[in-house]
Amino acid sequence: MGLPPGFLRDYNNDRSFDLMISRRYFPDPATEEENKNIGFGQHEDASCITFIFQDGIGGLEVLKDGHWIPAEPIDGSIVVNIGDVIQVLSNDKLKSATHRVVRKPGNRHSFVFFLNPHGDKWVEPLPEFTAEIDEAPRYRRFLYREYLELRARNKTHPPASVTHYAI
Ligand SMILES: O=C(O)CCC(=O)C(=O)O
Ligand SMILES: [Fe+2]
């Protein structure tokens, strides 16, 4: 990221807002009905970074230049996604990965670990990516807890994203 080693640890070394979720996806129902094979719709994670441990079934996809690219399972490997917090800290230099899961013929299992800041942490573009390189901040600052609440409230509506704080 162009930041000193250990930066993320120094920014937030409190692990109490981290989260690990175990997920199970049922097989593709193989109907023609639209969106029926979506196991987890397109989204970005609210985390700093996310680690995905998936089995061999597949279905995880990442959006790149308008195309969905499968993140094929590789035995013994972990998928690492950049989340919204890094996008804001880096003032958009690093983008939160847009991803989804499509259902495959088999039952899929994954463990998803979200490395998050503490809820009382302020999230804002860092000087290294703004003042120090003559770039205007693209987000106003917000408390991490506020953002989690915003996302929880908007779950059933168009999902909230970090663009809510865009300047
Ligand atoms: O199950 C997966 O592989 C990914 C799930 C996911 O994107 C999430 O929990 O945010
Ligand atoms: Fe995700």
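Parameters and conventions
- Residues numbered from 1 in each chain as written.
- Chains lettered and ligands numbered in written order.
- Predicted model: local features only at pLDDT ≥ 70, side-chain atom pairs only at ≥ 80, totals over all residues.
- Heavy atoms only, no water.
- Donors = N, O, S within 2.8 Å, 3.2 Å for Na, K, Ca; no water.
- Helix = DSSP H or I, 4+ residues; strand = E, 2+ residues; numbered from the N terminus.
- Buried < 20%, exposed > 50% of the residue type's maximum accessible area, 1.4 Å probe, protein only.
- Near = heavy atom within 4 Å.
- Polar contact = N/O pair within 3.5 Å; in protein donor to acceptor, adjacent residues only side chain to side chain.
- Areas by Shrake-Rupley, 256 points an atom, 1.4 Å probe, with all protein chains shown as cover.
- 1 Å grid on protein atoms, 1.4 Å probe; cavity = no way out; pocket = protein on both sides within 12 Å on 5 of 7 lines; lining within 4 Å.
- Sits in = over half its atoms within 2 Å of the grid points.
- Nonpolar A, V, L, I, M, F, W, Y, C, P; charged D, E, K, R; others polar.
- Arc of directions from axis to C-beta.
- Contact = heavy atoms within 4.5 Å.

The name that an unreviewed UniProt entry assigns to the protein chain is Fe2OG dioxygenase domain-containing protein, with the source organism given as Digitaria exilis.

1. Comments concerning the coordination of the iron ion (ligand 2)
Surrounding the iron ion (ligand 2) are the protein donor atoms H43 (NE2), D45 (OD) and H99 (NE2), at 2.1 to 2.2 Å. Donor residues binding the iron ion (ligand 2) come from one chain and are separated in sequence as H-x1-D-x53-H. Here D45, found in the loop between β2 (38-43) and β3 (49-54), pairs with H99, found in strand β7 (residues 99-102); they are 54 residues apart in sequence, far enough to count as distant. Across the pair, H99 and D45 agree in class, each one buried.

2. Digging into the site of ligand 1
Near ligand 1 you find R23, Y25, F40, H43, D45, I52, H99, V101, R108, S110, V112 and F114, and these make up its full shell. Contact distances for ligand 1 include 3.1 Å between an oxygen atom and a side-chain N or O atom of H43. Between ligand 1 and S110, the relevant distance is 2.7 Å, taken from an oxygen atom to a side-chain nitrogen or oxygen of the residue. For ligand 1, whose accessible area on its own is 290 Å², the fraction buried by protein is 99%. Of the pockets mapped on this structure, ligand 1 occupies the largest pocket. Of all elements in the fold, only β1 (19-25), β2, β7 and β8 (108-115) reach the threshold of two or more residues within the shell around ligand 1. No other element matches β8, which puts 4 residues into the shell around ligand 1. Its residues assigned to classes, the shell around ligand 1 comprises 6 nonpolar, 3 polar and 3 charged.

3. Examining helix α3 (residues 144-153)
Taken as a whole, α3 has its buried residues at Y144, Y147 and L150. For α3, the angular spread of the buried residues around the axis is 120 degrees, confining them to a single face. Opposite its buried face, α3 presents the exposed residues A152 and R153, each directed more than 90 degrees away. Buried residues along α3 sit in contact with α2 (84-89), β9 (122-123) and β10 (142-143).

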